[in-house]
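So the chains spell out like this:
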Amino acid sequence: MRGNHDRRGVAFYENLGIRLVKDPLILILESWPRLIFSHRPVFPLPPGVLNLHGHIHNNPHPEVGPQHVNMSVEVRDYRPWRLGEVVAKKTTR
């Protein structure tokens, strides 16, 4: 997801092997909840949908609720996370 801090042109990212995705991206997989990937949190969300987003960094947002997963690096230990790890943590709480 391209965010507001990603200021370089599309060619820069593509030359690094990064494919930019338009916001939002909906992913439907068997046995997992429906996932919406977005830069900014999505409101409102239908039941049974998780929104993996960034943008808010480690700042609280009044509308972000249990269906939202903040993927900002500040709250994710500055490391990549496997999708299964993120979904498992969210759905077992």
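Residues numbered from 1 in each chain as written. Predicted model: local features only at pLDDT ≥ 70, side-chain atom pairs only at ≥ 80, totals over all residues. Heavy atoms only, no water.

Asker: Could you clarify how one ought to interpret the overall build of the chain in this entry?
Answerer: In terms of regular secondary structure, the chain is built from 2 helices and 4 strands. The helix and strand sequence of the chain, counted from the amino end, reads α-β-β-β-β-α. In terms of overall dimensions, the chain has a C-alpha envelope of 40 × 30 × 25 Å along the principal axes. Relative to its 93 residues, the chain shows a buried fraction of 26%. For the chain, long-range pairs separated by at least 24 residues make up 20% of all intrachain contacts whose partners lie at least 6 apart in sequence. When the accessible surface of the chain is totalled, it reaches about 6,700 Å², and 55% of it is carbon and sulfur. (Helix = DSSP H or I, 4+ residues; strand = E, 2+ residues; numbered from the N terminus. Buried < 20%, exposed > 50% of the residue type's maximum accessible area, 1.4 Å probe, protein only. Contact = heavy atoms within 4.5 Å. Areas by Shrake-Rupley, 256 points an atom, 1.4 Å probe, with all protein chains shown as cover.)

Asker: What exactly am I supposed to notice about the packing of aromatic side chains here?
Answerer: One pair of aromatic rings is described through two measures. These are the centre distance and the angle between the planes. Summed over the entire model, instances satisfying the criterion amount to 1 aromatic pair. Ring centres of Phe12 and Tyr13 lie 5.2 Å apart, and the angle between their planes is 85°; this geometry places the pair in the edge-to-face category. On the basis of relative accessibility, which here comes to 11%, the residue Tyr13 falls in the buried class. Above the plane of the ring of Trp81 lies Arg76, whose end atom (NZ or CZ) is 4.8 Å from the centre. Across from the ring centre of Trp81, 4.1 Å away, lies the NZ or CZ of Arg79, which sits over that ring. (Phe/Tyr/Trp six-rings, centres within 6.5 Å; stacked < 30°, edge-to-face > 60°. Lys NZ or Arg CZ within 6 Å of the ring centre and 35° of its normal.)

Asker: Can you help me understand the nonpolar core in this one?
Answerer: For soluble globular proteins, the rule of thumb is that nonpolar side chains tend to be buried together. One finds Leu35, Phe37, Leu50, Leu52, Val69, Trp81, Val86 and Val87 forming the largest nonpolar core, which totals 8 residues. Residue assignment for this core shows that the elements contributing at least two residues are strand S2 (34-38), strand S3 (49-53) and helix H2 (83-91). (Core = buried A, V, L, I, M, F, W, Y, C linked by side-chain atoms within 4.5 Å.)

Asker: What is the right way to read the pattern of salt bridges from this model?
Answerer: Per the stated rule, a full pass over the model turns up 1 salt bridge. Close ionic contact of Glu85 with Arg79 constitutes a salt bridge, the shortest N to O distance being 3.2 Å. Among the residues examined, Arg79 registers a relative accessible area of 36% and is labelled partly exposed. (Salt bridge = Lys/Arg side-chain N within 4 Å of Asp/Glu carboxyl O.)

Asker: Honestly, the pairing of S3 in this entry has me stumped. Any pointers?
Answerer: Side chains on a regular strand alternate between the two faces of the sheet. Burial analysis of S3 places 5 of its 5 residues in the buried class, the great majority of the element. Residue alternation in S3 divides its side chains into two sets, Val49, Asn51 and His53 and Leu50 and Leu52, and both sets are buried. Across 5 bridges, the pairing between S2 and S3 is parallel. Opposite Leu35, over in S3, you have Leu50 as the bridge partner. By the bridge criterion, 3 bridges tie S3 to strand S4 (residues 68-70) in an arrangement that is parallel. Bridging from a neighbouring strand, Leu52 pairs with Val69 of S4. (Pairing = 2+ DSSP bridges.)

Nothing here speaks to function; it is all geometry.
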